[in-house]
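Summary of the model geometry
Spelled out from the first residue to the last, the chains are:
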Amino acid sequence: MSQQIIEKLKAFKVIPVIQINDVSQAVPLAKTLVENGLPVAEVTFRTEAAAEAIRLMREAYPQMCIGAGTVLNAEQVDRAKEAGSEFVVAPGLNPNTVRYCQQQGIPMVPGVNNPSQVEQALEMGLTFLKFFPAEASGGINMVKSLLAPYVDVSFMPTGGIGKANVRDYLAIDRVICCGGTWMVAPKLIENGDWEEIGRLVREAVELVNDQ
């Protein structure tokens, strides 16, 4: 993982994990994130609109830090990179996808939630990992338990994180940032409720920076 990308994500502290169903929502959403102090996005490949959404966001706001999420195979890696993703994130650790990202020179953050997966990641030269699904996998106690023996590892917990617990995660040493959907809920995006998204983004920025 590029140290430059890690430093960017560390500065943001919270990464909006975005599901876009309609590409027409991409640029207004990017505008809302940028104007409210959180110019970063992980756009998930859970929908067909993902690659085009990334491309449109990148064109409109080249200063944004944009990654692709839920990347499961080489074909999606290619589409993400071509669209302008700076990094890719996966829910699990697929050695084939990791190796392909390494060959293509695109930073990869695979998902792990147990010691064996952490060791598999370390074997492949990866030390910055997504802890997923965070709350369902034991939450803060599990994060602390996994970080203790693996002193070179740092985490981006994602899954079940919101206003009530994000600061608790970020307070843990070597938790670089957290992924979250609460400020960019699919329903809000679907309804084009940019004002409410903007309010939630500002609130999230204040929350994570008031540590």
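It should be emphasised that the depicted structure is a prediction, and the values quoted were computed from it without experimental measurement.

What follows is about the pattern of salt bridges. Oppositely charged side chains can pair when the atoms bearing their charge come close. Summed over the entire model, instances satisfying the criterion amount to nine salt bridges. Between Lys8 and Glu86 there is a salt bridge, and its shortest N-O distance comes to 2.9 Å. Here Lys8 is found in helix H1 (residues 3–12), whereas its partner Glu86 is found in the loop between helix H4 (74–83) and strand E4 (87–89), with 78 residues between them in sequence. Residue class for Lys8 comes out partly exposed when judged on its relative accessible area of 29%.

Glancing now at the sheet that holds strand E7 (residues 128–131). Taking strand neighbours across the sheet as the criterion, the three strands line up as E6-E7-E8 in an open arrangement whose pairing is parallel. Only two strands of the sheet have a single partner each, and these edge strands are strand E6 (111–112) and strand E8 (154–157). One ladder, built from four bridges, connects E7 with E8; its direction is parallel. Directly across from Lys130, in E8, lies its bridge partner Met156.

This part takes up the pairing of E7. The side-chain alternation of E7 yields two buried faces, one formed by Phe128 and Lys130 and the other by Leu129 and Phe131. Here E6 runs beside E7; their pairing, made up of two bridges, is parallel. In the strand pairing of E7, Gly111 is matched with Lys130. Regarding the hand of the β-α-β motif, the stretch spanning E6, helix H6 (residues 115–123) and E7 is right-handed. Crossover connection from E7 via helix H7 (residues 139–147) to parallel E8: handedness right-handed.

Take the packing of H4 against helix H5 (residues 95–104) next. As a packed pair, H4 and H5 sit with axes 9 Å apart at the nearest point and diverge in direction by 35°. Two packed elements cross with a definite hand, and for H4 against H5 that hand is right-handed. For the pair H4 and H5, the contacting residues are Ala74, Val77, Asp78 and Lys81 in the first and Thr97, Tyr100, Cys101 and Gln104 in the second. Tallied by class, residues from the contact of H4 with H5 come to four nonpolar, two polar and two charged.

As a further point, take the sheet that holds strand E3 (residues 65–69). Hydrogen bonds between backbone groups are what pair the strands of a sheet, and the pairing can be parallel or antiparallel. The strand order across the open sheet built from six strands is E5-E4-E3-E2-E1-E9, with neighbouring strands paired in parallel fashion. Bordering the open sheet on either side are strand E5 (108–109) and strand E9 (178–180), each of which pairs with just one other strand. Of the pairings in the sheet, the one linking strand E2 (residues 40–44) to E3 comprises five bridges and is parallel in character. Looking at E3, one finds that Val40 is bridged to Cys65.

With that settled, the discussion passes to the environment of Cys65. Residue position: Cys65 is located in strand E3. Cys65 sits in the buried class, given a relative accessible area of 1%. Taking the C-alpha atoms as reference points, Cys65 and Phe87, separated by 22 residues in sequence, lie 8.9 Å from one another. Other than its neighbours up to four places away in sequence, Cys65 contacts Lys8, Leu9, Phe12, Pro39, Val40, Ala41, Glu86 and Phe87.

The final tally for this structure, using the stated rule, is one aromatic pair. Plain terms: the ring middles of Phe131 and Phe155 are 5.6 Å apart, the flat faces sit at 35° to each other, and that makes the pair tilted. With Phe131 in strand E7 and Phe155 in strand E8, the pair connects residues that are 24 residues apart, well separated along the chain. Lys130 extends its terminal NZ or CZ atom over the ring of Phe132, reaching a point 4.5 Å from the ring centre.

Within the secondary structure, Ser154 sits in strand E8. We classify Ser154 as buried; its relative accessible area is 11%.

Right, let's get into helix H2 (residues 26–35). Quick reminder: α-helices carry 3.6 residues per turn. Residues three or four places apart thus point the same way. Listed as buried for H2 are Ala26, Leu29, Ala30, Thr32 and Leu33. In an axial view of H2, the angular spread of the buried residues amounts to 160°, which keeps them on one side of the axis. Contact partners of the buried residues in H2: strand E1 (14–18), E2, helix H3 (50–60), helix H9 (186–190) and helix H10 (194–209). After H2 finishes, the residue Gly37 shows a positive phi value of roughly 90°.

The rules behind these values
- Residues numbered from 1 in each chain as written.
- Predicted model: local features only at pLDDT ≥ 70, side-chain atom pairs only at ≥ 80, totals over all residues.
- Heavy atoms only, no water.
- Salt bridge = Lys/Arg side-chain N within 4 Å of Asp/Glu carboxyl O.
- Helix = DSSP H or I, 4+ residues; strand = E, 2+ residues; numbered from the N terminus.
- Buried < 20%, exposed > 50% of the residue type's maximum accessible area, 1.4 Å probe, protein only.
- Pairing = 2+ DSSP bridges.
- Right-handed = clockwise from strand over helix to strand, strands pointing away.
- Axes fitted to C-alpha atoms, helices over the stretch in contact; angles between N-to-C directions.
- Left-handed = near helix turned anticlockwise from the far one by under 90°.
- Contact = heavy atoms within 4.5 Å.
- Nonpolar A, V, L, I, M, F, W, Y, C, P; charged D, E, K, R; others polar.
- Phe/Tyr/Trp six-rings, centres within 6.5 Å; stacked < 30°, edge-to-face > 60°.
- Lys NZ or Arg CZ within 6 Å of the ring centre and 35° of its normal.
- Arc of directions from axis to C-beta.

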